Amino acid sequence: MTTDTWNGLRYRVTGRGRPVLLIHGIGRSLSDWDDQHERLSDFYQVWSVDLPGFGASQPPPHGMRLEHLAHLMADFIRGMDIGPVHLGGNSLGGAVAMQLTADHPGLVSSLLLANSAGFGRGVSPVLRLASIPGVGERLLRPSRKGSQRSEHAMYHDPRFATPARVQRGFDLAQRPGGTEAFLDMLRSLGSVAGVKSGWRRALTPRVRATGIPTFIVWGDKDAVLPFRHLKRGARMLRAATHRFPNTGHGPQIEQADEFARLARKFWDGVDQGDSMSFSPESKKPRGLQPFQFGVGSAVITGAASGIGRATAMNLAERGNDLALVDRDKTGLDAVKAELTRQHPGLVITTHEVDLAQPVEFDGLAAAVAAEHHRLSLLINNAGVALNGTVDEISMADLDWVLAINLRAPIAMTKSFLPYLQREHGAHIVNVSSLYGLVAPAGQSAYAASKFGIRGFTLALQSELIPRGIGVSVVHPGGIATNIARNSRTGSLLGNEEAQRRRAQFARFLTMPPERAAAQIVDAVAQRRERVLITRKAVLVDVISRVMPVNHRHYLARQLHKTR
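Residues numbered from 1 in each chain as written. Predicted model: local features only at pLDDT ≥ 70, side-chain atom pairs only at ≥ 80, totals over all residues. Heavy atoms only, no water.

J.: Help me out: how do you make sense of the overall build of the chain in this one?
T.: Looking only at helices and strands, one finds 21 helices and 19 strands in the chain. Projected onto its principal axes, the C-alpha coordinates of the chain cover approximately 95 × 45 × 40 Å. The proportion of buried residues among the 563 residues of the chain is 56%. When contacts within the chain are restricted to residue pairs at least 6 apart in sequence, those whose partners lie at least 24 apart make up 72%. Side-chain charges of the chain comprise 68 positive and 49 negative groups, with the mean position of each set lying 8 Å from the other. (Helix = DSSP H or I, 4+ residues; strand = E, 2+ residues; numbered from the N terminus. Buried < 20%, exposed > 50% of the residue type's maximum accessible area, 1.4 Å probe, protein only. Contact = heavy atoms within 4.5 Å. Lys, Arg positive; Asp, Glu negative; His and termini not counted. Charge placed at Lys NZ, Arg CZ, Asp CG, Glu CD.)

J.: Help me out: how do you make sense of the sheet that holds strand 19 (residues 530-533) in this one?
T.: Backbone-to-backbone hydrogen bonds join strands into a sheet, with any given pair of strands oriented parallel or antiparallel. Reading across the sheet, the 7 strands line up as 13-12-11-14-16-17-19 and stay open at both edges, with parallel pairing between neighbours. Looking at which strands have only one partner, the edges of the open sheet turn out to be strand 13 (348-352) and strand 19. Each adjacent strand pair in this sheet contributes to an overall mean axis angle of 15 degrees, direction not counted. Both strand 16 (residues 427-431) and strand 17 (residues 470-476) contribute to a ladder of 5 bridges, which runs parallel. If you follow Ile 428 over to strand 17, its bridge partner there is Val 471. Strands strand 11 (297-301), strand 12 (321-326), strand 13 and strand 14 (375-380) of the sheet are contacted by helix 15 (residues 361-371), whose axis makes an angle of about 165 degrees with strand 13. (Pairing = 2+ DSSP bridges. Axes fitted to C-alpha atoms, helices over the stretch in contact; angles between N-to-C directions.)

J.: Looking at this structure, I do not really get the packing of aromatic side chains. What am I missing?
T.: Scanning the model with the defined rule gives 12 aromatic pairs in all. Centre to centre, the rings of Trp 33 and Phe 259 are 6.1 Å apart; their planes meet at 50 degrees, and the pair counts as tilted. With Trp 33 in the loop between strand 3 (19-23) and helix 1 (34-40) and Phe 259 in helix 12 (residues 256-271), this residue pair connects regions lying 226 residues apart in the sequence. Here Trp 33 matches Phe 259 in class, with each residue buried. Measuring from ring centre to ring centre gives 5.9 Å for Trp 47 and Phe 76, while their planes differ by 80 degrees; the resulting arrangement is edge-to-face. Pair noted here: Trp 47 is in strand 4 (residues 45-49) and Phe 76 is in helix 2 (residues 66-80), with a separation of 29 residues, a long-range link. Taking relative accessible area as the criterion, Trp 47 reaches 7% and is therefore assigned buried. Taken together, the ring pairs in this structure connect Trp 6, Tyr 11, Trp 47 and Phe 76 into an aromatic cluster. (Phe/Tyr/Trp six-rings, centres within 6.5 Å; stacked < 30°, edge-to-face > 60°.)

J.: Help me understand unusual backbone geometry, please; the structure alone is not making it clear to me.
T.: Leaving glycine out, the prevailing phi sign among residues is negative, and the prevailing peptide bond configuration is trans. A cis amide bond links Gly 83 with the next residue in sequence, Pro 84, at an omega value of -5 degrees. If you trace the backbone, Pro 84 turns up in the loop between helix 2 and strand 5 (85-90). Here Asn 7, not a glycine, exhibits a phi torsion of approximately 50 degrees, which is positive. Tracing the sequence through the fold places Asn 7 in the loop between strand 1 (2-6) and strand 2 (9-14). If you check the backbone angles, Asp 81 has positive phi at about 55 degrees while not being a glycine. In this fold, Asp 81 is placed in the loop between helix 2 and strand 5.

J.: Is there a simple way to think about the pattern of salt bridges in this case?
T.: Across all of its chains, the model carries 21 salt bridges by this definition. Close ionic contact of Arg 65 with Asp 184 constitutes a salt bridge, the shortest N to O distance being 2.9 Å. In this pair, Arg 65 is assigned in the loop between strand 4 and helix 2 and Asp 184 in helix 8 (residues 178-189), connecting sequence segments 119 residues apart. The closest approach of N and O atoms between Arg 374 and Glu 423, which form a salt bridge, is 2.4 Å. (Salt bridge = Lys/Arg side-chain N within 4 Å of Asp/Glu carboxyl O.)

J.: Just to check I follow, could you spell out helix 7 (residues 163-173) for this structure?
T.: Since the α-helix advances by 3.6 residues per turn, residues separated by three or four positions end up pointing in the same direction. Within helix 7, the full set of buried residues consists of Arg 165, Val 166 and Phe 170. Looking down the long axis of helix 7, one finds its buried residues gathered within 140 degrees of arc, a one-sided arrangement. On the buried face of helix 7, the contacting elements are helix 1, helix 6 (144-154) and helix 11 (251-254). (Arc of directions from axis to C-beta.)

J.: Is there a simple way to explain the pairing of strand 5 in this structure?
T.: Successive side chains on a regular strand alternate, one facing one side of the sheet and the next facing the other. Among the 6 residues in strand 5, 6 count as buried, and that is most of the element. Of the two faces of strand 5, both are covered, the one formed by Val 85, Leu 87 and Gly 89 as well as the one formed by His 86, Gly 88 and Asn 90. With 4 bridges connecting them, strand 3 and strand 5 associate as parallel partners. Within strand 5, the residue paired with Leu 21 across the bridge is Leu 87. Taken together, the 6 bridges between strand 5 and strand 6 (residues 108-114) define a ladder with parallel strand orientation. Bridging from a neighbouring strand, Leu 87 pairs with Leu 111 of strand 6. With respect to chirality, the unit in which strand 5 leads through helix 3 (residues 92-103) into the neighbouring parallel strand 6 is right-handed. (Right-handed = clockwise from strand over helix to strand, strands pointing away.)

In structure tokens form, the structure reads like this:
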């Protein structure tokens, strides 16, 4: 095993593969994870670390507070360039892992909590007494007998409190500053009444909101944090759980083989995109986990204005790096400038591409991937409108609308898919239209393109969702964008009639693009496969289902009333 230090933190790393970071409990050290290094290193790159102030690590510069420890762990992950990691924590290490997940979700792939602090007030009487000033200092005065008592408190089976472990505990207790760090940490999180509620109640909803896959395990004979906390944790975080029978506070030691088996099964499920269905005895997946924002970059076409621009703004608020694609260089530059000003820490790139022209999509994907090493979200939003009956449009008009609305999303999907497949839980959004639900007169070419992208997306859902990639089709109905101003009418129409139809089209566009973007991003978060935006779209969808043939007569009458 390789043990080294980084910025005052002692760490150990073994194995190769997907990174796993394991965090120990209060007053403990990375040695608590030795058994897991041995069992997991054939499958993962396993990292363990002495928390600041414990083991051989230096104390944090700003005091022993949960947020400070989490911040330093985030710096460690970035410094080692290993994120996102499968994150595991025991006892205090579980609380640090939750804080790290809430504050830096982009660094975490999954969360494994073993007998973790944070799910209730209950804690051992010794720790309650130690929180009292003066009493704690006397209780934690270094002695071999005290170290023996502490080690026995970790396990239900006393055979695990070996002389070597007792000696290691005694050595840690004598380390200068060790007792002070222990008490400072203990008193920031608890009191004589038990674990304080303020930090717990603030933290767990934030962890749950990340949607990061979580698995909680507990020894049912834990003498430090009571076993009843397991059910509370499952409810608070919507987590899968496992009970270790006849096991104490350190199941990674007392049940090392079973712990490693369950950890591998959980992490493999996350990596394969089916972790929502995980339980120790689960047999088949039931769905995808909520999308993890801030992990990987999002690629958005049509990003210079309208829904694309609003979606970029929304995703930036959630911490996503962005690759923005559009033919409008001036608009792209303006969006990038605004995003950079509001979110200086994000990576924002622009890619000037006219999707109506022949495009080397594989080259575009490679160029984006060169600047964004992880791609997790593709939003095929770019679209144009073409008004005219089939005898009013030319084949050039038809080629134009099909190139942008249908061929480009298909080509973007094919070219970016190899990069998306590297990110477990990636997602693709294809924007169709109200006219991907119904096809009124005067929309023959446009409806063909939007029904086409709908059909492509439905097939894509059947192909990719079982492989762990979410896919959504979006049907907006009347969003106030530039689509009417930039639309074309059939080239065989006169100019006056063309202007009248564009003005008529514009009257339908009423919803602000920011509202539409929020619905799209929420749909990604929830893995919704079909999204209807505006009441018009919902109404049209219902009518087309109830009246599969005669709906066109009804819609034609409604359209006539608006003229």
